[in-house]
There are 2 protein chains.
Amino acid sequence: MKIVEVREQSVSIRSEISNAYISFAEMTVSAAVIITDVVRDGRPVVGYGFNSNGRYAQSGIIRDRLIPRLMRAPARNLLNDEGTNFDPFKAWQIMMSNEKPGGHGERCVGVGVLDMAFWDLVAKIEGQPLYRLLANWFRKGEPDKAVYVYGAGGYYYPGKELFGLRDEMRRYLDLGYDTVKMKIGGAPLEQDLKRIEAVLHLVPSGRHLAVDANGRFDLATATRYARALEPYDLKWYEEPGDPLDFDLNCEVGLASSTPLATGENLFSMQDARNLIRYGGMKRERDFLQMDPALSYGLVEYLRTLEMLGENGWSTRRCIPHGGHQFALHIAAGLGLGGAESYPGIFEPFGGFADDIPVEQGRVRPSETPGIGVEAKPELMKIYEQLSS
Amino acid sequence: MKIVEVREQSVSIRSEISNAYISFAEMTVSAAVIITDVVRDGRPVVGYGFNSNGRYAQSGIIRDRLIPRLMRAPARNLLNDEGTNFDPFKAWQIMMSNEKPGGHGERCVGVGVLDMAFWDLVAKIEGQPLYRLLANWFRKGEPDKAVYVYGAGGYYYPGKELFGLRDEMRRYLDLGYDTVKMKIGGAPLEQDLKRIEAVLHLVPSGRHLAVDANGRFDLATATRYARALEPYDLKWYEEPGDPLDFDLNCEVGLASSTPLATGENLFSMQDARNLIRYGGMKRERDFLQMDPALSYGLVEYLRTLEMLGENGWSTRRCIPHGGHQFALHIAAGLGLGGAESYPGIFEPFGGFADDIPVEQGRVRPSETPGIGVEAKPELMKIYEQLSS
């Protein structure tokens, strides 16, 4: 049982959207395939991986460092002790050999891409959808049947402002989402409040609307927003300031009772631990959004969940960034609080199985073995090209 | 005045050394050249950059993201307001456009490579060695004449143990260094203490010997070492644990009076700020080793120095990792406490001008305009090939 080849390719997921920090007009992701000599139904089993949006393809690191380490390793070093399947934990150690500690950016994305492909592969060899495998391995066989997902977007529409925003949000609600998230910080506070109020007319209560500043604010602005947002009783106030400014996060959390959400720009257990140690996040109130596909994969995410458990945090407070099937399977398999979704954006990597609709704000993972790339025909086209 | 082309190439700096964490057998750096249409002495002026050892070449990020952004920018956006030279601060903003906050690894190395090339270029166009330009711009024209450098190495010599170590250290002292640094953590404590005692016979006092654990220890081991090292009155105890485990750093600092040194694996102002906020580092006792060439370049390092100043830290407590001329010029120009050196390792990128010896533990930067690549003929061979 061995890897025959690992291929990677940068794929554009360009989009005309902007958040308060960056434009997505040049955005790319890495798509990777691990081809093995294991045969199921007469065909070699392959594992598919990709990264979440926001941090670009990692072709250089994957091709220059990670793939060569995997291909140089003796084949049995990548297998479980019984030799019956690949072992994502051993693969992780091999990918990270001769890598110094600290500096958790980019490399964590590259490892995340291949880690996803390993989990896809392992679940396929077991003949199971990933969420069932995860529930069996880590949760005594009890997966969640469906996962809470929320529709993230709420962009700025220069020229058509509130009409454009309301149209977009209505579209998400029509798709079956019952919670939506919108951008703030790209306009003055007063204008952002008008945008928030426009969306609040569409949802049952503030608890069905989250707002996201994408790390843009300084302390004064972040706390000014915190106080202004308080009366709306929102679902959460996301990334008020720089993701590594834990003092700021702490002060903003004290400035209002609105739940905070952050973590999508923390890419290791160590960085997440610093948020928990110094960021003033409240276990009963706040949400954690670390994204396995950007953060050294599920192997590292399991370490993060362990650290959270040691600090008294429930997995239900975790709602990862990502908006794809890998995050969905992890949420269902490990009992997280939910998963982000970007309806219609970052396709074909974003989104869930084509044939499974969102119903009352929840969605089921697909029953296809692995993470379910095969349940998204447009995504399969990319991987068929990459594999051929 | 414009950039004609930017080229980058991965170059091996493989070495048989290991620290407590990684082997350097596959180590690479990025060498980059910025070719302009500015002519001096009948030849186009070029800027040379590279990264310090330890974090690999960044060909992917440099070629896929950073160079295209620089080449797409209108030429005047890269110039100072008078249009008389390139502006490293504006170049930095352009390189970092559409980059999300947080995640400071790898990207910071790529930006560091090109930032170095911009400073080399700017100083050459001004006809000055970089250290004089920095002193003029940021320190009222008062550079240090020479910079404290220490010889870092002190590797493990399987089979010839203390003999190999002593030979190496004697070599550094013979070269003119008066402080040396050795690895610890690659052997049990008792054996490391024997190694330390062997080296202490060669130097005037413990204050001429630093030890480096390369982030390997857990809290219990790190504090056990701290207590065992205390009687030797060493120069410093470097990176006892994971570079992002600020609680550990804090506890180790409390466990003994030996100065701590850390920071080479913190790659942004934000990460350095967290060390200052949470790491328990003492202004009067400890040392900071953030490395501009790995950390978004000198533009970001100036932000880090500003943050340190606001927190009451003197620039004299900063002794950057790096071991090359860029770090030396920054140290002399900005009045840092010194610079690391790896005698004979990581050549031809490591080391200082070939014709300027280390004397009594200090070395002068070269008077060649720029960072002085031209004063290292072996290094110039690489750049001549890259430019041709």
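Residues numbered from 1 in each chain as written. Chains lettered and ligands numbered in written order. Predicted model: local features only at pLDDT ≥ 70, side-chain atom pairs only at ≥ 80, totals over all residues. Heavy atoms only, no water.

Draft legend 1. Summary view of the relation of the copies chain B and chain A. Each copy of the sequence occupies a distinct position, and chain B is placed on chain A by a rotation of 180° and an axial shift of 0.0 Å, giving an RMSD of 0.0 Å. This pairing of chains is accounted for by a two-fold axis. Counting the interface residues of chain B, we find that 100% of their copies in chain A are interface residues as well, pointing to one common contact surface. (Least-squares fit on C-alpha atoms with pLDDT ≥ 70 in both. Contact = heavy atoms within 4.5 Å.)

Draft legend 2. Inspection of the pattern of salt bridges at higher detail. Enumeration according to the criterion identifies 56 salt bridges over all chains in this entry. Of the charged contacts in the structure, one is a salt bridge between arginine 273 of chain A and aspartate 245 of chain B, with a shortest N-O distance of 3.3 Å. Taken together, the positions of arginine 273 of chain A in helix H9 (residues 269–278) and aspartate 245 of chain B in the loop between strand E7 (237–238) and helix H8 (246–255) put the pair across two chains. Residue class for arginine 273 of chain A comes out buried when judged on its relative accessible area of 16%. For arginine 139 of chain B, the salt bridge goes to aspartate 144 of chain B, with nearest N and O atoms at 3.2 Å. Judged by its relative accessible area of 14%, aspartate 144 of chain B is buried. Within this structure, Arg65, Arg69, Glu99 and Arg107 of chain A together with Glu106 of chain B form a network of salt bridges that share partners. (Salt bridge = Lys/Arg side-chain N within 4 Å of Asp/Glu carboxyl O. Helix = DSSP H or I, 4+ residues; strand = E, 2+ residues; numbered from the N terminus. Buried < 20%, exposed > 50% of the residue type's maximum accessible area, 1.4 Å probe, protein only.)

Draft legend 3. Structural context of the packing of aromatic side chains. In the structure shown here, the tally under the stated rule is 24 aromatic pairs over all chains. Relative to tryptophan 236 of chain B, the ring of tyrosine 150 of chain B has its centre 5.0 Å away and its plane inclined at 90°; by these criteria the two rings are edge-to-face. Remark: tryptophan 236 of chain B occurs in the loop between helix H7 (219–229) and E7 and tyrosine 150 of chain B occurs in strand E4 (residues 147–152); sequence separation between them is 86 residues. Overall, tyrosine 150 of chain B belongs to the buried group, its relative accessible area being 1%. In this structure tryptophan 236 of chain B comes out as buried when scored by relative accessible area, which is 0%. Of the aromatic side chains, those joined through ring pairs into one cluster are Phe89, Trp119, Trp137 and Phe138 of chain A. (Phe/Tyr/Trp six-rings, centres within 6.5 Å; stacked < 30°, edge-to-face > 60°.)

Draft legend 4. A look at the interface of chain B and chain A. Between chain B and chain A, the contact holds 44 residues from the first and 44 residues from the second. Buried area between chain B and chain A, both sides added, is near 3,700 Å², and the carbon and sulfur share of it is 48%. Three residues stand out in chain B for area buried against chain A, namely Asn98, Lys100 and Pro101 of chain B, and they jointly supply 20% of the buried area on that side. Viewed at the interface, chain A and chain B are joined by ten salt bridges. At the boundary of chain B and chain A, one finds 26 residue pairs in polar contact (both at pLDDT 80 or more). When residues of the side of chain B that touches chain A are traced back to their parent elements, those giving at least two are helix H1 (59–72), H8 and helix H9 (269–278) of chain B. If one sorts the elements of the side of chain B that touches chain A by residue count, H1 of chain B sits on top with seven residues. (Buried area = accessible area lost by both parts, 1.4 Å probe. Polar contact = N/O pair within 3.5 Å; in protein donor to acceptor, adjacent residues only side chain to side chain.)

Draft legend 5. Expanded view of the environment of serine 387 of chain B. Residue and element names in this part refer to chain B. Tracing the chain through its elements places serine 387 in helix H12 (residues 377–387). Sequence separation between serine 387 and valine 33 is 354 residues; the distance between their C-alpha atoms is 6.9 Å. The residues touching serine 387, leaving out its near neighbours within four places in the chain, are Arg7, Val33 and Tyr48.

Draft legend 6. Region of the structure containing the sheet that holds strand E3 (residues 43–50) of chain B. Residue and element names in this part refer to chain B. Strand order in the open sheet formed by three strands is E1-E2-E3, and the pairing between neighbours is antiparallel. Every interior strand has two partners, whereas the edge strands, strand E1 (3–12) and E3, have only one. For this sheet, the mean inter-axis angle between neighbouring strands, taken without regard to orientation, is 20°. Note: strand E2 (residues 28–40) against E3, seven bridges, orientation antiparallel. (Pairing = 2+ DSSP bridges. Axes fitted to C-alpha atoms, helices over the stretch in contact; angles between N-to-C directions.)

Draft legend 7. Structural context of a nonpolar patch on the surface. Taken together, Phe89, Trp137 and Phe138 of chain A make up a surface patch of nonpolar side chains, about 280 Å² in accessible area. With a relative accessible area of 33%, phenylalanine 89 of chain A lands in the partly exposed category. (Patch = residues over 30% accessible without salt bridge, like charges linked within 9 Å, V, L, I, M, F, W, Y side chains within 5 Å. Areas by Shrake-Rupley, 256 points an atom, 1.4 Å probe, with all protein chains shown as cover.)

Draft legend 8. Examining helix H11 (residues 325–334) of chain A more closely. Residue and element names in this part refer to chain A. When you tally the buried positions in H11, you get ten out of ten residues, the bulk of the element. Of all the residues in H11, the buried ones are Gln325, Phe326, Ala327, Leu328, His329, Ile330, Ala331, Ala332, Gly333 and Leu334. Of the surrounding elements, those touching the buried residues of H11 are helix H3 (107–126), helix H4 (130–138), strand E4 (147–152), helix H10 (297–310), strand E10 (339–341) and strand E11 (362–363). Glycine 335 lies just past H11 and shows a positive phi near 70°.

Draft legend 9. How the structure looks around the state of the cysteines. Residue and element names in this part refer to chain A. Applying the stated rule across the entire model yields zero disulfides over all chains. Its sulfur unpaired, cysteine 318 is 17 Å from the next cysteine sulfur, which belongs to cysteine 108. Cysteine 318 sits in the buried class, given a relative accessible area of 0%. (Disulfide = S-S within 2.5 Å.)

Draft legend 10. How the structure looks around the sheet that holds strand E3 (residues 43–50) of chain A. Residues and elements named next belong to chain A. Taken in spatial order, the three strands make up an open sheet running E1-E2-E3, and their pairing is antiparallel. Two strands lie at the open edges of the sheet, namely strand E1 (3–12) and E3, each paired on one side alone. Ignoring strand direction, the axes of neighbouring strands in this sheet form an average angle of 20°. Where E1 lies against strand E2 (residues 28–40), nine bridges are found, and the strand directions are antiparallel.

It is worth stressing that arrangement in space is one thing and function is another; only the former is reported here.
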